[in-house]
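One letter stands for each residue in the lines below.
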Amino acid sequence: GSSEWLDLRFERVRFIDATKAHKDCVKILKQLNTADVHVLFCKPVNAELLGLADYHEVIERPMDLETVLFKLRTGQYDGTPPPPGEDTTLVDMSTDRVVATNIVAGVRADLDLTYQNAIRYNDDVPERRAVAHEARRMIKLADDLFGRVS
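Residues numbered from 1 in each chain as written. Predicted model: local features only at pLDDT ≥ 70, side-chain atom pairs only at ≥ 80, totals over all residues. Heavy atoms only, no water.

Trainee: Can you break down the packing of helix 1 (residues 16–33) against helix 4 (residues 65–73) residue by residue, with the values?
Mentor: Two quantities define a packed helix pair, namely the angle between the helix axes and the distance between the axes. As a packed pair, helix 1 and helix 4 sit with axes 11 Å apart at the nearest point and diverge in direction by 165 degrees. Here helix 1 is positioned roughly antiparallel relative to helix 4, judged by the angle of their axes. The hand of the helix 1/helix 4 crossing is left-handed. Contact residues: His22, Cys25, Val26, Leu29, Lys30, Leu32 and Asn33 in helix 1; Leu65, Val68, Leu69, Leu72 and Arg73 in helix 4. (Axes fitted to C-alpha atoms, helices over the stretch in contact; angles between N-to-C directions. Helix = DSSP H or I, 4+ residues; strand = E, 2+ residues; numbered from the N terminus. Parallel < 35°, antiparallel > 145°, perpendicular 65-115°, else oblique. Left-handed = near helix turned anticlockwise from the far one by under 90°. Contact = heavy atoms within 4.5 Å.)

In structure tokens form, the structure reads like this:
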């Protein structure tokens, strides 16, 4: 056997890790959307319709599951656009890992924002405290689902 190591750091590959991260995140979002309380978090909050006059004063960055899925499907979590004129199907392995990490981190951050917003807005109001409780439950579910794929 040879004692030389093959250095693949600069080999160009398709987005293998990034594609897996994307598929895992889509799967997690689908599972979160089937949770019994997903309706509380699946669409942007319509503050006017719900009579929540101060919602946009309290919540500076609204987020919801539909928006997270849209951002995922439109590549907004990738974070590393290809150089102009380069083949976008092939990247070096380290870039693939960076993109995969960006995707998972971005989705997790926006999911956390979704649920933290619900906690922040609802926790101090007794008649809305159940929403905050469900948001905490969804955080645990999301953590569990991400733990299974990492």
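Trainee: Any details on the environment of Val98? Residues and values, ideally.
Mentor: As for its placement among the helices and strands, Val98 is situated in helix 5 (residues 93–122). Taking C-alpha positions, Val98 is 8.1 Å from Ala18, a pair spaced 80 residues apart along the chain.

Trainee: Before we move on, could you go through the side chain of Thr114 and cite the residues and values that matter?
Mentor: Considering the arrangement of structural elements, one finds Thr114 in helix 5. At a separation of 2.8 Å, a polar atom in the side chain of Thr114 contacts the main-chain carbonyl oxygen of Asp110. Excluding anything up to four places from it in sequence, Thr114 contacts Phe41, Met63, Asp64 and Val68. (Polar contact = N/O pair within 3.5 Å; in protein donor to acceptor, adjacent residues only side chain to side chain.)

Trainee: Summarise the packing of aromatic side chains; cite the residues concerned and give the values.
Mentor: Evaluated as defined, the whole model comprises 2 aromatic pairs. An angle of 85 degrees between the planes, with centres 5.1 Å apart, marks the rings of Phe41 and Tyr115 as edge-to-face. Highlighted residues: Phe41 in the loop between helix 1 and helix 2 (47–50) and Tyr115 in helix 5, separated in sequence by 74 residues. Since its relative accessible area comes to 3%, Phe41 is described here as buried. On the basis of relative accessibility, which here comes to 1%, the residue Tyr115 falls in the buried class. Taken together, a centroid distance of 5.0 Å and an interplanar angle of 70 degrees make the contact between Tyr55 and Tyr121 edge-to-face. In this pair, Tyr55 sits in helix 3 (residues 55–58) while Tyr121 sits in helix 5, placing the two residues 66 residues apart along the sequence. Assigned by exposure class, Tyr55 and Tyr121 land together as buried. (Phe/Tyr/Trp six-rings, centres within 6.5 Å; stacked < 30°, edge-to-face > 60°. Buried < 20%, exposed > 50% of the residue type's maximum accessible area, 1.4 Å probe, protein only.)

Trainee: Account for the environment of Phe41, with residues named and values stated.
Mentor: Along the sequence, Phe41 and Leu111 sit 70 residues apart, while their C-alpha atoms lie 9.6 Å from each other. Look past the residues within four positions of Phe41 in its chain and what remains in contact with it is Asp64, Leu65, Thr114, Tyr115, Ala118, Val131, Glu134, Ala135 and Met138.

Trainee: Hey, could you go over the nonpolar core for me, with residue numbers and the actual values?
Mentor: Core analysis: the largest hydrophobic core is formed by 32 residues, its most contacted members being Leu32, Phe41, Leu72, Ile103, Val107, Leu111 and Tyr115. Broken down by element, the residue count for this core peaks at 9 residues, all from helix 5. Setting aside its immediate chain neighbours within four residues, Val107 contacts Cys25, Val68, Leu72, Tyr77 and Phe146. (Core = buried A, V, L, I, M, F, W, Y, C linked by side-chain atoms within 4.5 Å.)

Trainee: Please give an account of the packing of helix 1 against helix 6 (residues 129–149) that cites residues and values.
Mentor: Remark: helix 1 packs on helix 6, axes separated minimally by 10 Å, with the N-to-C direction vectors making an angle of 150 degrees. Considering only the axes of helix 1 and helix 6, their crossing is right-handed. Mapping the contact onto sequence places Lys20, Asp24, Cys25, Ile28, Gln31 and Leu32 in helix 1 and Met138, Leu141, Ala142, Leu145, Phe146 and Val149 in helix 6. Of the residues in the contact of helix 1 with helix 6, the class split is 9 nonpolar, 1 polar and 2 charged. (Nonpolar A, V, L, I, M, F, W, Y, C, P; charged D, E, K, R; others polar.)

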